[in-house]
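# Understanding the architecture of this molecule
Okay, here's what each chain looks like letter by letter:
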Amino acid sequence: MSKYTEEELNRTLADTSQLLGDTPVSEEFSLDDILAEFGTGASARPAAGEPEKAQPEAPLAKAAPAAEEPAAEKPPAEEPAGDKPVQNEPAEEPDAKERLVSVEDVMGRTVSAVMEEESAQRQQEREEQEREERRRRRAALRRARLAAAKQLLRSLAEKKAPDDGEDDEVDSDDLSDLDDAPPPVEEPSMDDAEFEQKRLCRRHRRAALRCCIPAVLLAGVTVAEECFALPEMWTQGAYLRFGVVGGLLLVQALLALPLWRDMIENLQKKRFTCAWGALLLTLACLGDCAWCLLRGGAHLPLAGAAALVVFFCQWGVFLRCAARRESFRLADLGGNPPWGVEKTEAGAMKQRGRPEGFYTHTMTPDLPEKWQNSVLPLLLATACVLTGVVCLSGAQPTQPLWVLSALLAAAMPLAWPLAGALPLFFLNRRLSHSGCAVAGYCGAKAISGAKRIVITDEDLFPAGTLTLNGMKIYGEELGRVLSYAVTVARAADSQALPILEQLLSDQGGHAERLDDFRWYEEGGAGGTIHGETVLLGSAYFMRRQKVRLPKELKVPSGLFLAVDGQLTAIFALRYQPSRNVDWALRTLRRNRITPVLAVRGSNLTPDFLRRCFKVDAKPIYPDVATRLSLLEKARRSAPAYALLYRDGLMPYAETVLGSRKLLLAVRWSTALAVLAAAAGLWLCYYLTGVGGYASLTPMRLVLFQLLWLLPELLLAGQVKHF
């Protein structure tokens, strides 16, 4: 489209016609006239009737090439009549030469344009990548905030939910929904997690062994002070007596550097652990030793009690790392675990496993750590306040730091550092031999609670325990009977399906199309094949369906096939009971765990299990709709609370029972630790307040700590005994 309007074009044409108004249209101009008017160096043709004049030679243009000079000096050649002489081309003007563009310039401009376009494209792609990166970071931040909010809701729900029983089923389901969310932080691989815990385990084990030597020596000195008559050089030499005790305690504090490092790491995570109490007690005892060296003292510093507290804190950290290492070692077998365990409304259920979330659940603080974070600072602060009350009372003690160390030692029971670590260590060592792993206290709590366990066909009779003991056909061809049986068994997902398929393959037959498939409450399944009603189930199911059976029937665990109400075939099945399943059922019965039968097999009834395993586990046999619903849930993926790598009922039962025993041991140990701290703090305050130092001796304080440790050891030992 032209950039001029129609009016402007008309105006231009009018001006041109006015300029050409005086020019005769009939007059013709020759090429010589035009060149004479506008050209340079060209000869104009003379008008008619005038003699030809010699034209002066046109000066050469300054810019003409030297090669054209000889041609310019030659006279023009004579042309035939009627032809116009050809004149030389006018020289190019300097302005026109400046307007010429070389090929190099064109190529340069083209290359520059292409490079600028590519640079702009790269810049645009870089900006797009930066925007995408910012978008991913914002999405990750949103996910992290959402996960933190869900973690807060989970902690609130755990506080409101009851510790045990069936009333917390709804809350546990809500928690399972929250646990299905992806972890807020990317979890390391199980190989890296195992390597890290192995490194920490090695470090803390060496530290615990080193700390054991000063602890034993200081405990021996404490007992020898009261039970034996020591030389006068020891009793009268203050520098020897208090210097040796303080030196051994200082050496132990230096050897426990991994414990203090772990304490600082937990403090960065806003966790208050027993290591803080051990550190305050050690500093108080060292200050008491320095007080006795400078000003003298009548009582031996409580270095033995402090050394035991430091040793058990270091040992507890080692046991916790060892338990986590055992769990990660089993989870690092490679690939997805075959099964996992989750708590449902019906009870604990074995489902398809997945490793995602196992590391997060294992590293979650347990119940003793939560109580340490909330109660221990209050106890230590109370000990310091009571020390001030005792020191400012009427009977002022001669060793105020001794009173402080006594109250701090009473507020730090030896059972507290082991309350959660020792039971978990024993449980993981036991479960690792059975191919199982529990994700710490968090995983054990998630699969415990309701005293029920869901059991399927594969749990009771694993692969290889079901065989064919014989079959009998009634008036039909074997291929047709096997084809019908395989068709119904495949729709019902029966355990006998592999056996029937092998028989059908040997006969060269194939399965038929099944219509109107349905389950029956009496223990069987059926449908329509080629317009015929086909039923497959137990003998009880056939009697309920009015199918006539032989009078002398001696097949207690058979599979019966009927077509249009007529008995067609009997498949005698043999169920080989497993010793592991028998042990698991007896263990569940002994621990009062009720099995829930979510089975498909028509023969797997409570009476059949009682006859087969010679034990009455008192299972729950729900209706067929409930059993099918539980089987559907069992095919889903379970959160990584517990991982199972071995088939059968025994590993499954050990995981559930071990988790339940772990919860009981940890809760009772934590309660006894808090009770020991409160009782010891009150007793020490009373004795120091009334001046009863004869009753509150260093050896008796050590015995008080060891006696409160004994129930913790017994409770932790019961975890591995089912």
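Parameters and conventions
- Residues numbered from 1 in each chain as written.
- Predicted model: local features only at pLDDT ≥ 70, side-chain atom pairs only at ≥ 80, totals over all residues.
- Heavy atoms only, no water.
- Helix = DSSP H or I, 4+ residues; strand = E, 2+ residues; numbered from the N terminus.
- Buried < 20%, exposed > 50% of the residue type's maximum accessible area, 1.4 Å probe, protein only.
- Contact = heavy atoms within 4.5 Å.
- Areas by Shrake-Rupley, 256 points an atom, 1.4 Å probe, with all protein chains shown as cover.
- Axes fitted to C-alpha atoms, helices over the stretch in contact; angles between N-to-C directions.
- Parallel < 35°, antiparallel > 145°, perpendicular 65-115°, else oblique.
- Left-handed = near helix turned anticlockwise from the far one by under 90°.
- Nonpolar A, V, L, I, M, F, W, Y, C, P; charged D, E, K, R; others polar.
- Patch = residues over 30% accessible without salt bridge, like charges linked within 9 Å, V, L, I, M, F, W, Y side chains within 5 Å.
- Salt bridge = Lys/Arg side-chain N within 4 Å of Asp/Glu carboxyl O.
- Pairing = 2+ DSSP bridges.
- Core = buried A, V, L, I, M, F, W, Y, C linked by side-chain atoms within 4.5 Å.
- Phe/Tyr/Trp six-rings, centres within 6.5 Å; stacked < 30°, edge-to-face > 60°.
- Lys NZ or Arg CZ within 6 Å of the ring centre and 35° of its normal.
- pLDDT = per-residue confidence, 0-100.
- Disulfide = S-S within 2.5 Å.
- Lys, Arg positive; Asp, Glu negative; His and termini not counted.
- Charge placed at Lys NZ, Arg CZ, Asp CG, Glu CD.
- Expected span 1.5 Å × (residues − 1).

## A word on the overall build of the protein chain
When its secondary structure is counted, the protein chain shows 26 helices and 12 strands. By residue count, 43% of the 722 residues in the protein chain fall in the buried class. If you take every contact in the protein chain between residues at least 6 apart in sequence, the share linking residues at least 24 apart comes to 77%. With the model as given, the accessible surface of the protein chain reaches about 39800 Å², and the carbon-plus-sulfur share is 56%.

## What about the packing of helix 7 (residues 190–227) against helix 12 (residues 303–331)?
Helices that pack against each other are described as a pair by the angle of their axes relative to one another and the distance between those axes. Between helix 7 and helix 12, the shortest axis-to-axis distance is 7 Å and the interhelical angle comes to 160°. Judged on the interaxial angle alone, helix 12 and helix 7 are roughly antiparallel. For the pair helix 7 and helix 12, the sense of crossing is left-handed. Among the residues forming the contact of helix 7 with helix 12, the class breakdown is 21 nonpolar, 5 polar and 6 charged.

## Focus on the packing of helix 9 (residues 238–255) against helix 10 (residues 257–268)
For the pair helix 9 and helix 10, the least separation of the axes is 5 Å and the interaxial angle reads 55°. Regarding the angle of helix 9 to helix 10, the classification is oblique. Residues A253, L254 and L255 of helix 9 lie in contact with helix 10, whose contacting residues are L257, P258 and W260. Here the contact of helix 9 with helix 10 is built from residues that sort into 6 nonpolar, no polar and no charged.

## A short note on a nonpolar patch on the surface
On the surface, W682, L683, Y686 and V690 cluster together into a nonpolar patch covering about 440 Å² of accessible area. As for its placement among the helices and strands, W682 is situated in helix 25 (residues 649–690). The exposure class of W682 is exposed, given its relative accessible area of 57%.

## A look at the sheet that holds strand 10 (residues 566–575)
Whenever strands of a sheet pair, they do so through backbone hydrogen bonds, lying parallel or antiparallel. Across the sheet, which stays open at both edges, the 6 strands sit in the order 5-10-9-8-7-6 with antiparallel pairing between neighbours. Strand pairing shows two members of the sheet lacking a second neighbour, strand 5 (466–473) and strand 6 (515–520), which therefore form its edges. For this sheet, the mean inter-axis angle between neighbouring strands, taken without regard to orientation, is 15°. Summarising the sheet, strand 7 (residues 524–529) and strand 8 (residues 532–537) pair through 6 bridges and their orientation is antiparallel.

## Looking at unusual backbone geometry
Its identity as a non-glycine residue notwithstanding, D493 has a phi of 55°, on the positive side. With respect to the helices and strands, D493 occurs in the loop between helix 19 (478–492) and helix 20 (497–507). Residue D493 is classed as partly exposed on the basis of its relative accessible area of 32%. The phi torsion at H530 lies on the positive side, around 55°, for a residue other than glycine. Mapped onto the elements, H530 comes out in the loop between strand 7 and strand 8. Since its relative accessible area comes to 60%, H530 is described here as exposed.

## Quick look at the nonpolar core
One finds L460, F461 and Y652 to be the most contacted residues of the largest nonpolar core, which totals 149 residues. Every residue in contact with F461, bar those within four places of it in the chain, is listed here: Q495, Y575, Q576, P577, L604, F608, L609, C612 and F613.

## Side note on the side chain of T362
Here T362 is to be found in helix 13 (residues 358–363). A relative accessible area of 5% means that T362 is categorised as buried. Residue contacts for T362: discarding those within four places in its chain leaves R324, F328, A439 and G440.

## Side note on the packing of aromatic side chains
One pair of aromatic rings is described through two measures. These are the centre distance and the angle between the planes. Scanning the model with the defined rule gives 16 aromatic pairs in all. Judged by centre distance (5.5 Å) and plane angle (25°), the rings of F328 and Y359 are stacked. Within this pair, whereas F328 is found in helix 12, its partner Y359 is found in helix 13, the two being separated by 31 residues in sequence. Judged by relative accessible area, Y359 falls into the partly exposed class, the value being 22%. Judged by centre distance (6.2 Å) and plane angle (45°), the ring pair of F461 and F608 falls under tilted. Remark: F608 occurs in helix 23 (residues 606–613) and F461 occurs in the loop between helix 18 (457–460) and strand 5; sequence separation between them is 147 residues. With a relative accessible area of 1%, F461 lands in the buried category. Every member of this aromatic cluster is reached through a ring pair, and the members are F461, Y575, F608 and F613. Note that K350 overlies the ring of W339, its terminal NZ or CZ placed 4.9 Å from the centroid. Geometry around F426 places K720 over its ring, the cationic atom sitting 4.6 Å from the centre.

## Quick look at the confidence of the model for the protein chain
For the protein chain, per-residue confidence averages 81 on the pLDDT scale, and 79% of positions sit at 70 or higher. Here residues 40–99 is modelled with pLDDT under 50, and outside its nearest four sequence neighbours on either side it reaches 32 contacts, counting other chains as well. Note that residues 159–184 has pLDDT below 50 and, in this model, 39 contacts with residues that lie over four places away or in other chains.

## Observations regarding the environment of W291
Looking at where W291 falls in the secondary structure, it is placed in helix 11 (residues 274–295). In sequence terms W291 and P400 are 109 residues apart; their C-alpha atoms lie 9.3 Å from each other. Ignoring sequence-local partners within four residues, the contact set of W291 consists of G296, T398, Q399 and P400.

## A word on the state of the cysteines
In protein chemistry, a disulfide is the covalent bond that joins the sulfur atoms of two cysteines. The final tally for this structure, using the stated rule, is 0 disulfides. Free of any disulfide, C313 has its nearest cysteine sulfur in C274, 5.1 Å distant. On the basis of relative accessible area, C313 is assigned to the buried category, the value being 4%.

## Re the side chain of S405
Checked against the element boundaries, S405 lands in helix 15 (residues 400–410). In this view, S405 contacts L281, A284, C285 and L302; residues no more than four positions away in its chain are not counted.

## Some points on a positive patch on the surface
Taken together, K198, R202, R205, R206 and R210 make up a surface patch of like positive charges. The topology assignment puts R206 in helix 7.

## Quick look at helix 10
Along its 12 residues, helix 10 runs 17 Å from first to last C-alpha, staying within 8% of the 16 Å computed at 1.5 Å per residue. Within the span of helix 10, buried status applies to P258, L259, W260, M263 and N266. Those residues of helix 10 hidden inside the fold are in contact with helix 7, helix 9, helix 11 and helix 12. Of the residues trailing helix 10, K270 is marked for its positive phi of about 65°.

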